[in-house]
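Structure at a glance
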Amino acid sequence: MPTVTLDDIKAVSDEFFRRHWPSSEVEVPRWNSPWDLVGTLPGHNRQGVYLLLGEHDEVLYIGVGASLGGGKYTGYGLGSRTSQYFRMAEGQRGVPVKDRQYVPKKKWADRGVSQVVTLGFHQDYAYLAYGLEAFLLRERKTPYNKVRSARASNS
């Protein structure tokens, strides 16, 4: 399986938005800088798509965090979803959030996850996160995503 990089995903995302973005008046979402597991996840308070990265910006997994949430957490799909992959590092309980360190949970540490990249949508367009995830999975095969029926037949 060829390696999929963050740059590959950005190029495929650009194609998705050229085809499907509903409004020229609203700015197209952009991928955040990689999160090195320190402080707050960029886009944690949005709904969107996330990438789990290994060494050399290799994309190991593509996922979506687009649930609506509830109460004060309405729209916090990415923070909630990605928290399933990470835990606070030992000795970090009293550390200010901006400096707090996290580590991948064992399964993902064993798979080499070292960073996360997110792309958050404005809540009015968050439904497109599901479409972007399906499009990315169809266009690029990553090591830890299951095969989806949306995948192009020539893959």
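Structure: above.
This write-up is about the structure you can find in this document.

Thresholds, definitions, all that
Residues numbered from 1 in each chain as written. Predicted model: local features only at pLDDT ≥ 70, side-chain atom pairs only at ≥ 80, totals over all residues. Heavy atoms only, no water. Helix = DSSP H or I, 4+ residues; strand = E, 2+ residues; numbered from the N terminus. Expected span 1.5 Å × (residues − 1). Buried < 20%, exposed > 50% of the residue type's maximum accessible area, 1.4 Å probe, protein only. Arc of directions from axis to C-beta. Contact = heavy atoms within 4.5 Å. Pairing = 2+ DSSP bridges. Polar contact = N/O pair within 3.5 Å; in protein donor to acceptor, adjacent residues only side chain to side chain. Axes fitted to C-alpha atoms, helices over the stretch in contact; angles between N-to-C directions. Salt bridge = Lys/Arg side-chain N within 4 Å of Asp/Glu carboxyl O.

In an α-helix there are 3.6 residues to a turn, and that puts residues three or four apart on one side. The end-to-end C-alpha separation of helix α1 (residues 6-20) is 21 Å, in line with the 21 Å expected for 15 residues at 1.5 Å each. Looking at α1, one finds that the buried residues are Leu-6, Ile-9, Val-12, Ser-13, Phe-16 and Phe-17. Projected onto a plane normal to the axis of α1, the buried residues spread over an arc of 145° and lie on a single side. Among the exposed residues of α1, those oriented more than 90 degrees off its buried face are Asp-7 and Arg-18. Packed against the buried residues of α1 are β1 (47-53), β2 (59-65), β5 (115-121) and α4 (128-139).

With that out of the way, let us pick up the pairing of β2. In terms of burial, β2 is a largely internal element, seven of the seven residues being buried. Sheet topology note: the β1/β2 ladder contains six bridges and is antiparallel. Along β2, the bridge assignment pairs Val-49 with Val-64. Here β1 hands over to β2 after five residues, with His-56 in that stretch at a positive phi of 55°.

A word on the side chain of Gln-115. Locating Gln-115 in the fold gives a position in strand β5. Its relative accessible area of 16% is what places Gln-115 among the buried residues. Side chain to side chain, Gln-115 and Asp-36 meet in a polar contact 2.3 Å long. Every residue in contact with Gln-115, bar those within four places of it in the chain, is listed here: Pro-34, Trp-35, Asp-36, Leu-51, Leu-52, Leu-53 and Asp-57.

Attention now moves to the sheet that holds β2. As summarised here, the arrangement of the three strands in space is β2-β1-β5, forming an open sheet in which the pairing is antiparallel. Single-partner strands in this sheet number two, and they are β2 and β5. Sheet twist, expressed as the mean angle between neighbouring strand axes with direction ignored, is 15°.

Counted residue by residue, β1 has seven buried out of seven residues, so it is predominantly covered. In this sheet, β5 lies alongside β1 in antiparallel orientation, the contact comprising seven bridges. Bridge pairing links Leu-52 to Val-116 in β5.

On to the pattern of salt bridges. Throughout the structure, instances matching the rule amount to six salt bridges. Arg-30 is the salt-bridge partner of Asp-14, the closest N and O atoms lying 3.2 Å from each other. With Asp-14 in helix α1 and Arg-30 in the loop between α1 and β1, this residue pair connects regions lying 16 residues apart in the sequence. A relative accessible area of 32% means that Asp-14 is categorised as partly exposed. Taking the shortest distance from any N to any O, the salt bridge between Lys-106 and Asp-110 comes out at 2.7 Å. Residue Lys-106 and its partner Asp-110 are both found in helix α3 (residues 106-110); the two are separated by four residues, about one turn of the helix.

Bringing α4 into the picture now. Across its twelve residues, α4 extends 16 Å between first and last C-alpha, which sits within 8% of the 16 Å expected from 1.5 Å per residue. By the burial criterion, the buried members of α4 are Leu-128, Ala-129, Leu-132, Glu-133, Phe-135, Leu-136 and Leu-137. Considering only its buried residues, α4 is in contact with α1, β1, β2 and β5.

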